[in-house]
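Each chain is listed here by its residues.
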Amino acid sequence: VTSELDFYDLQKSIGEGAYNSAGVSTLIAFVVLVATTKNVILTVYSCVCIVFICGFSTGILVFEGWELNILESIIFSVAVGVSVDFVAHYSHAYVQAPKESRAEKVKESLTVMGVSISSASATTFIAGFVMCFSKTLFFYKFGIFLVLIMGLSWLLSTFFLSSLLAIVGPTGKWGYER
């Protein structure tokens, strides 16, 4: 038996599911980053950057008038997965840098990964920009999302995460698994 109130149950489920999927995705990203970097401190910093990327993108889209419906929940469900990419590459490059000081490690990670990450960001940004001209609502909204998430991911991973690592990044054996 259906009633007019079923719509509100769907809205409640979508709202709760969005938080749950973001939390589970961030937890999975945490596990993957710990496994790849073997450094808990670096993983915490990386997850903070990921949460900022997702939070800023969600806030901007809500400010622009997006409401959480089925279409938007599908788009938001990939936010953590898309935002973890650049952060993971910079984090791994930081760990693998053969330098001693934080500033040298950050410089090395930006030198090694900066061009690749900037190129990946630019090509995906352009693909999203082209999708913004679509007449299909899903492709239009997904294009806006790609443009926004690529721009924020590049900005925050390149400048925020790198600055954070240059100031308080792990050096020596600090934060590494035993």
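Conventions adopted
- Residues numbered from 1 in each chain as written.
- Predicted model: local features only at pLDDT ≥ 70, side-chain atom pairs only at ≥ 80, totals over all residues.
- Heavy atoms only, no water.
- Helix = DSSP H or I, 4+ residues; strand = E, 2+ residues; numbered from the N terminus.
- Contact = heavy atoms within 4.5 Å.
- Areas by Shrake-Rupley, 256 points an atom, 1.4 Å probe, with all protein chains shown as cover.
- Expected span 1.5 Å × (residues − 1).
- Bend = angle between axes of the 7 residues up to and from the residue.
- 1 Å grid on protein atoms, 1.4 Å probe; cavity = no way out; pocket = protein on both sides within 12 Å on 5 of 7 lines; lining within 4 Å.
- Points joined across faces, edges and corners; volume = space filled by probe spheres on them.
- Nonpolar A, V, L, I, M, F, W, Y, C, P; charged D, E, K, R; others polar.
- Core = buried A, V, L, I, M, F, W, Y, C linked by side-chain atoms within 4.5 Å.
- Buried < 20%, exposed > 50% of the residue type's maximum accessible area, 1.4 Å probe, protein only.
- pLDDT = per-residue confidence, 0-100.
- Phe/Tyr/Trp six-rings, centres within 6.5 Å; stacked < 30°, edge-to-face > 60°.
- Lys NZ or Arg CZ within 6 Å of the ring centre and 35° of its normal.
- Axes fitted to C-alpha atoms, helices over the stretch in contact; angles between N-to-C directions.
- Parallel < 35°, antiparallel > 145°, perpendicular 65-115°, else oblique.
- Left-handed = near helix turned anticlockwise from the far one by under 90°.

Structural notes on the overall build of the chain
- Counting secondary structure elements, the chain contains six helices and zero strands.
- Put simply, the chain runs from its N terminus to its C terminus through helices and strands in the order α-α-α-α-α-α.
- Each principal axis of the C-alpha distribution contributes one length, and for the chain these read about 65 × 35 × 25 Å.
- Put simply, 74% of the contacts in the chain that link residues at least 6 apart link residues at least 24 apart.
- Accessible surface computed for the chain: about 10,100 Å², of which carbon and sulfur atoms make up 69%.

A closer look at helix 6 (residues 137-168)
- The terminal C-alpha atoms of helix 6 lie 43 Å apart, and with 32 residues this matches the ideal 46 Å at 1.5 Å per residue to within 8%.
- For helix 6, the principal kink sits at L156 and spans about 30°.

A few points about the layout of surface pockets
- In this model, the largest pocket occupies a volume close to 450 Å³.
- In terms of lining residues, the largest pocket is bounded by 22 residues, among which A18, Y19, A22, T58 and F76 are the most central.
- Per-element accounting of the lining of the largest pocket gives the leading share, seven residues, to helix 1 (residues 6-37).
- The residue makeup of the lining of the largest pocket, split by class, is 12 nonpolar, eight polar and two charged.

Some remarks on the nonpolar core
- If you look at the biggest cluster of nonpolar residues, it comprises 35 residues, and the most contacted ones within it are I50, I53, I149, L161 and L165.
- Elements supplying a minimum of two residues to this core: helix 1, helix 2 (40-63), helix 3 (70-77), helix 4 (79-96), helix 5 (102-131) and helix 6.
- Filtering out sequence-adjacent residues up to four positions away, I50 remains in contact with A29, L33, V80, S83, V84 and V87.

Thoughts on the confidence of the model for the chain
- Per-residue pLDDT for the chain averages 88, and the proportion of residues at 70 or more is 92%.
- For the chain, per-element mean pLDDT is lowest for helix 3, which scores 79, and highest for helix 5, which scores 96.

Some details on the packing of aromatic side chains
- The final tally for this structure, using the stated rule, is seven aromatic pairs.
- Between F138 and F139 the ring centres are 5.7 Å apart and the planes differ by 70°, which places this aromatic pair in the edge-to-face class.
- Judged by relative accessible area, F138 falls into the partly exposed class, the value being 30%.
- F139 sits in the partly exposed class, given a relative accessible area of 41%.
- Geometrically, the ring pair formed by F142 and F145 is tilted, given 5.9 Å between the ring centres and 40° between the ring planes. Of this pair, F142 and F145 both sit in helix 6, separated by three residues, roughly a single helical turn.
- With a relative accessible area of 0%, F145 lands in the buried category.
- Through successive ring pairs, a cluster of aromatic residues spans F138, F139, F142 and F145.
- The ring centre of Y94 lies 5.3 Å from the NZ or CZ of K105, which sits over that ring.
- Between the NZ or CZ atom of K141 and the centre of the ring of W66, over which it lies, the distance is 4.9 Å.

Observations regarding the environment of I50
- When you line up the elements, I50 lands in helix 2.
- In this structure, the C-alpha to C-alpha distance between I50 and K107, residues 57 residues apart in sequence, is 21 Å.

A short note on the packing of helix 4 against helix 6
- For the pair helix 4 and helix 6, interaxial distance at closest approach is 9 Å and the crossing angle is 30°. As the angle between them shows, helix 4 and helix 6 are arranged roughly parallel. As helix 4 packs across helix 6, the resulting crossing turns out to be right-handed. Residues A79, V82, S83, F86, V87, Y90, S91 and Y94 of helix 4 form the contact with helix 6, whose participating residues are F145, I149, M150, S153, W154, S157, T158, L161 and L165.

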